[in-house]
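Structural characterization, general
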Amino acid sequence: MNFKPLTRIGELDNPSHLNFEEVNCYVCGSNNCEEFLIGEEDLTGKDGEFLYVKCKDCSHVYQNPRIPVEGIKEYYDGEYIAHRKKKDWGVLTPLYEWAMNKHDREKEKIVKKHVKLNGDTRVLDVGCAVGTFLLHLNKKHNCKISGVDFKGGLEYPGFEKVDFHEGLFYEQDFKDVQFDSVTMWHFLEHCYDPNQSLKKAHEVLKEDGKLIIEVPRLDSLTFKLFGKKWPGVQAPQHTTMFDKKALVKIMEKNGFVIEKYMPYGAFPPYFYIFTGVYFKLFGKGLNLNKIIFPYFFFQLLLSPILLFQKRLNLSMQTVVCRKI
Ligand SMILES: [Zn+2]
């Protein structure tokens, strides 16, 4: 008998107000799947058990069934780190800001190798949150900056410099503006329609433009270590979990060729190591205010290993793509 995701989710422990919808494989379109793992919202500790399946035809792993898009917003609240405002961390604020700026500098390093950055460069960041990466590019290279996020109205210093579009990426009207680079830093694994988003990126990119995507990597060391407690599960926000094969396949399917594949990203793999150990030992619900000191302390201890992070396939992957 075929595996029935909607029947299976009915057996799991979920808040009664949640509805679910079945979804076919994002990579090959098949509905033939099997159970892969049950994930929870470990980061915020919110209730719910969510089902991830593996496609029997192409082995892509994705959440099925999923909460319809209008129901998912409750899982993106103020605790969501990408949307944090400045000055939230008391005495550790300078250290936190240094770490966050470092993250943006790492993104810049990746982009800079493939895209010429100057006052004529147009960059669109999809899933831009408060726009710190774009503002960094604008400050350093004078780039023209645009951003999209489904959550708007964020008061952040300098945010008004971003040509900001609120809502779903593929529904935005960019009025024939073409971009030198479209970046998606940890966007695609949250996306409800990755194929439409990639098609939209294709449409708004210049002929020689570059699409740069970073997502967690399922076939990485931290997934092997933590399994369903892997921070890359982050259910129900993550709709997909890409291994290298699935990521390459979905890019090619939507008209891109991979110019460069990297078994790392701008995102610190240490965050996955720390939070993975935490979720394994203490269960879900991570109070960032309480753990920020041990976080930096253990990072210092692990720093000799982290020197080699780009070679160890710890947690992330990044692709730089151009249009076929
Ligand atoms: Zn498939």
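Residue numbering note: each chain is counted from 1, following its sequence as written. Reporting in this predicted model follows two pLDDT cut-offs: at least 70 for local features of residues, and 80 or more for side-chain atom pairs to be given and counted; totals over whole chains, interfaces and linings ignore these cut-offs and use all residues.

Focus on the packing of helix 2 (residues 93-112) against helix 3 (residues 132-141)
In this description, a line fitted to the C-alpha atoms serves as the axis of each element, helices being fitted only across the stretch in contact, and the angle between N-to-C directions of two axes falls anywhere from 0 to 180 degrees. Counting from the N terminus, the helices are DSSP H or I runs at least four residues long and the strands are E runs at least two residues long. At a closest axis distance of 9 Å, the pairing of helix 2 and helix 3 adopts a crossing angle of 65 degrees. For the element pair helix 2 / helix 3, the angle class is roughly perpendicular. Handedness of the crossing formed by helix 2 with helix 3: right-handed. Here helix 2 contributes Met100, Asp104, Lys107 and Glu108 to the contact with helix 3, which in turn contributes Thr132, Phe133, His136 and Leu137. In this classification, Asp, Glu, Lys and Arg are treated as charged, Ala, Val, Leu, Ile, Met, Phe, Trp, Tyr, Cys and Pro as nonpolar, and every other residue, Gly included, as polar. Looking at side-chain class alone, the contact of helix 2 with helix 3 contains three nonpolar, two polar and three charged residues. Oblique is the label for any angle not covered by the other classes, which are roughly parallel (under 35 degrees), roughly antiparallel (over 145) and roughly perpendicular (65 to 115). What makes a crossing left-handed is the near helix being turned counterclockwise from the far one by less than a right angle; a clockwise turn instead makes it right-handed. This entry defines residue contacts through backbone-placed C-beta atoms, with two residues in contact when those atoms are within 7 Å.

Considering the sheet that holds strand 10 (residues 256-262)
Strand order in the open sheet made by the seven strands is 6-5-4-7-8-11-10, with mixed pairing throughout. With one partner strand each, in any of the chains shown, strand 6 (163-166) and strand 10 form the two edges of the open sheet. For this sheet, the mean inter-axis angle between neighbouring strands, taken without regard to orientation, is 20 degrees. A pair of strands is treated as paired once DSSP finds two or more bridges between them. Note: strand 10 against strand 11 (residues 316-323), six bridges, orientation antiparallel. Note that in strand 11 the partner of Ile258 across the bridge is Cys321. Lying over the sheet, helix 4 (residues 194-204) contacts strand 4 (122-126), strand 7 (179-185), strand 8 (205-216) and strand 11, oriented at roughly 150 degrees with respect to strand 8.

Examining the packing of helix 7 (residues 269-282) against helix 8 (residues 288-306)
In the contact formed by helix 7 and helix 8, the axes pass within 10 Å of each other and the chain directions differ by 120 degrees. Classified by the angle between their axes, helix 7 and helix 8 sit oblique to one another. Here helix 7 and helix 8 pass one another in a crossing that is right-handed. Counted together, Tyr270, Phe274 and Tyr278 of helix 7 and Ile291, Tyr295, Phe298, Gln299, Leu302 and Leu306 of helix 8 form the full contact between these two elements.

Looking at the nonpolar core
In this description, a nonpolar core means buried residues of the types Ala, Val, Leu, Ile, Met, Phe, Trp, Tyr and Cys, linked to one another by C-beta atoms lying within 7 Å. Counting other C-beta atoms within 10 Å of each residue's C-beta, where C-beta atoms are placed from the backbone, gives the exposure class: buried for 20 or more, exposed for 12 or fewer, partly exposed between. The biggest cluster of nonpolar side chains holds 62 residues, and the ones touching the most others in it are Leu134, Val182 and Leu211. Leaving out residues up to four positions away in the same chain, Val182 has contacts with Leu124, Val126, Ala201, Val204, Leu205, Gly209 and Leu211. Counting residues in hydrophobic clusters, the runner-up holds six residues, among them Tyr270, Phe274, Tyr295 and Leu314.

Regarding the sheet that holds strand 1 (residues 33-39)
In spatial order, the strands read 1-2-3-9; together these four strands make up an open sheet with antiparallel pairing. Every interior strand has two partners, whereas the edge strands, strand 1 and strand 9 (240-241), have only one. Inspection of the sheet shows strand 2 (residues 50-55) paired to strand 3 (residues 61-63) by three bridges, in the antiparallel sense. Opposite Lys54, over in strand 3, you have Val61 as the bridge partner.

Observations regarding the domain arrangement of the chain
How far each domain reaches was decided by an automatic or database domain assignment. Domain annotation for the chain reports domain 1 (5-75) and domain 2 (81-323). Computed over C-alpha atoms only, the centres of domain 1 and domain 2 are separated by 22 Å. Taken residue by residue, the interface counts 24 residues in domain 1 and 24 residues in domain 2. For the side of domain 1 that touches domain 2, the secondary-structure elements that each account for two or more residues are strand 1, strand 2 and strand 3. Grouping the constituent residues of the side of domain 1 that touches domain 2 by class yields 14 nonpolar, six polar and four charged.

A word on the environment of Glu49
By the element assignment, Glu49 lies in the loop between strand 1 and strand 2. Using a count of 15 C-beta atoms within 10 Å as the deciding quantity, one classes Glu49 as partly exposed. A C-alpha to C-alpha distance of 21 Å links Glu49 and Asn31, two positions 18 residues apart in sequence. If we skip the residues at most four places from it in the chain, Glu49 touches Leu12, Asp13, Asn14, Ile38 and Glu40.

So, helix 4
Those residues of helix 4 that fall on the buried side of the exposure criterion are Pro194, Ser197, Leu198, Lys200, Ala201 and Val204. One side of helix 4 carries all its buried residues, which in axial view fall inside an arc of 160 degrees. Buried residues in helix 4 make contact with strand 4, strand 7, strand 8, strand 9 and helix 6 (244-253). An arc is given here, and it is the one of the directions from the helix axis to the C-beta atoms.

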